[in-house]
Structure formats: C-alpha cells, structure tokens
Amino acid sequence: MVVPAQGLPASVRIHEVGARDGLQNEKAVVPTEIKAEFIHRLAEAGLTTIEATSFVHPKWVPQLADAEQLFPMLDDIEGVALPVLVPNERGLDRALTLGADRIAVFASATESFAKANLNRTVDESLQMFAPVVARAKEQEVHVRGYLSMCFGDPWEGAVPVHQVVHVAKSLLDLGCDELSLGDTIGVATPAHVRSLLTALNEEGVPTSAIGVHFHDTYGQALANTLAALQHGVATVDASAGGLGGCPYAKSATGNLATEDLVWMLQGLGIDTGVDLGRLTATSVWLAEQLGRPSPSRTVRALSPDSHKE
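Within each chain, residue numbers correspond to sequence positions counted from 1 in written order. Two thresholds apply to this predicted model, a pLDDT of at least 70 for residue-level local features and 80 or more for giving and counting side-chain atom pairs, whereas whole-chain, interface and lining totals are computed over all residues. Processing note: side-chain calculations cover all non-hydrogen atoms of the structure and skip hydrogens and water entirely.

(A) Layout of the overall build of the protein. A helix here means a DSSP run of H or I that spans at least four residues, while a strand means a run of E at least two residues long, and both kinds are numbered starting from the N terminus. Within the protein, the secondary structure is distributed over 12 helices and 11 strands. By principal-axis analysis of the C-alpha atoms, the protein measures approximately 50 × 45 × 35 Å. Exposed residues in this analysis have more than 50% of their type's maximum accessible area, buried residues have under 20%, and partly exposed residues fall in between, with area computed by a 1.4 Å probe over protein chains only. Each of the 309 residues in the protein was classed as buried or not, and the buried ones make up 55%. The contact criterion used throughout is that any non-hydrogen atoms of two residues lie within 4.5 Å. Long-range contacts, defined as pairs at least 24 residues apart, comprise 75% of the intrachain contacts of the protein with a sequence gap of at least 6. Entry remark: accessible area of the protein is about 12,700 Å², with carbon and sulfur atoms responsible for 52%. The sign given to each residue is positive for Lys and Arg and negative for Asp and Glu; His and the chain ends receive no count. By convention, the charge on Lys lies at NZ, on Arg at CZ, on Asp at CG and on Glu at CD. When the 22 basic and 37 acidic side-chain charges of the protein are each reduced to a single mean position, those positions are 4 Å apart. Computed by Shrake-Rupley with a 1.4 Å probe, the accessible areas treat only the displayed protein chains as cover when residues are assessed.

(B) Up close: the pattern of salt bridges. The term salt bridge refers to a pairing of a side-chain nitrogen on Lys or Arg with a carboxyl oxygen on Asp or Glu at a separation within 4 Å. The full count for this structure, using the stated rule, is 15 salt bridges. Residues R292 and E26 are paired through a salt bridge, measuring 2.4 Å at the closest nitrogen-oxygen approach. Here E26 lies in the loop between helix 1 (18–22) and helix 2 (32–44) and R292 lies in the loop between helix 11 (276–290) and helix 12 (297–302), a separation of 266 residues in the sequence. According to the relative accessible area criterion, R292 is partly exposed, its value standing at 36%. For E26, a relative accessible area of 14% gives the class buried. Of the charged contacts in the structure, one is a salt bridge between E178 and R144, with a shortest N-O distance of 3.5 Å. Here E178, found in strand 9 (residues 178–183), pairs with R144, found in strand 6 (residues 142–148); they are 34 residues apart in sequence, far enough to count as distant. With a relative accessible area of 7%, E178 lands in the buried category. With relative accessibility at 2%, the residue R144 sits in the buried group. Within the structure, one salt-bridge network assembled from shared partners comprises R13, R144, E178 and D237.

Keep in mind these values describe shape, not function.
Here it is in structure tokens:
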C-alpha cells in the first residue's frame, strides 16, 4: 500500500554503486562480460545513474582491472549516467580517453582512513585531487566527491561533525558538483545524520549538493536514509542486492540494498523510475553468477527460491 508522508522529496535519484563498490570486494574475478550485462540489466530496470567502474591501479583493486575493456561495452546504453571513480590524474587520463563525462574522487574525513586508503594525510589527498577536479571541470566533466568515515572510524571512533564539515567544504571548494556522505562502517543513527546535514547547511553547503551513502552494519541504513529524506536530501546511493563493503575497513559490511530502498520509497509514494521486479530479477541473476544468495531482504522476500542451496 502506498501511503505518502509529508515533507519528503517527490522523487529520489538512486546512485547505483553495485557494479563498482558492490563488486570491488569480490575475491573471485567477475568476467568483464558479466559486469557489462549487469550494468545493462540495471539500466533496463530504470536506474539512471550507474557507477560503472574505477580507474585505479590494478594492484589495489584487481577486480576492476578491466576498466578499459568494460567501459566501451557500455556505449549502447542511452540516457544513463555512467560515472567512474578516479584516484589521481593518471586515472583521469584513462577515463577521459574512453569518453567518460562523469567522474568521482574519494576522500576521507579522518586521518587514519586517509592513510589506510590513500597512504596520505587528509590535506595531502585534497592536494592530489585538486588538479584532477580542475582538469575535469575544464573538460565540462561532472565531479562527485565521496567522503568516507563521516560518522565513525574503526581506528578513531566517533568522528566530530565539524571535522566532516571541514573536509566536505574543502571538496566543494575544489570544484566538486556534489558530495556523497559515507557511513563507511555503518555506525550512524538518524539524529546523527540530521545533525551533520544541519551543520553542513549552516556552513553554506546546500542540501541539493548532498547525497548519502549508508552501510547496514547495525541495520540502520533505511532509518538513516529516511532521516536524510526528511531533511530534503534527494540523492541516495545503493547497491543492487546489497553487495559491497570496503576493502580498507574490515568492519564495513554491505551497502544499503537498492531493492530495500526502492521498496521503502515506493511505499512512501516517492518516484524512483525503477521497476522493482526487473531490479530484483537482476540481483537474483547476479547472485547466481557469484554463487551465493543476495543479502537483500527484499530480494529474498520477492524471490523466496533465490536463497536456497
């Protein structure tokens, strides 16, 4: 039953991260053809933003070493944004050569994670991103800034709100078009989410420039998403089937499942443009390719046979 609630966005843009963030943790290399079909199926299910891959060095993320082979296989997808992650200018060069028109850089709100993920301090990582963002904007490429550890860090514990706000503003000052606030280890709770969003607004960061990226470690991802929606956020990251984690933060579990998000949004009368049946079928198909069941509760509920041995 659709029961709308007041004070929520009329529509939400889902930033689908399954093909990149979802697959990057897989130990067994997924064939390029399977990745391409996965992205095509996601597009056919109505997702309009699908993060395709990452142009990082293959040594760091072997699963995504086929970026040059994969991206051209998506040329026939029309009307869908296909952003790619780039860590540095070399990654940007590779992406631009293939015609990418949307990129993302990834920063950390904490020093410990910046060191673990980028082997740099927070300030050094921002310095590394500065020419990447500048060159991208010169080419009229849309830039997203991921910000990890916005709510808690496995080494440092709770992350002060003012610290997150400082790095978030720095990313926007570099020229990023939008931010994705990441609850990398899934420790956020709704009031914490509202507190951070309010603090960002008070420092001049518009809600329209903010997306949220929640992990479901403590089962809080949907509750936190609803808190963000109530604040006016209308961009939500999610991963088909609930795939993904973080290779540099062992306590991070899977992303918010796109199916679980769509189920909630549909019940609230919020438009996503996504066909839940086709999306569920896609996650069931991918689970078969990976040889294990989908962790998404909605996928299991709508496809009860999909998790049988």
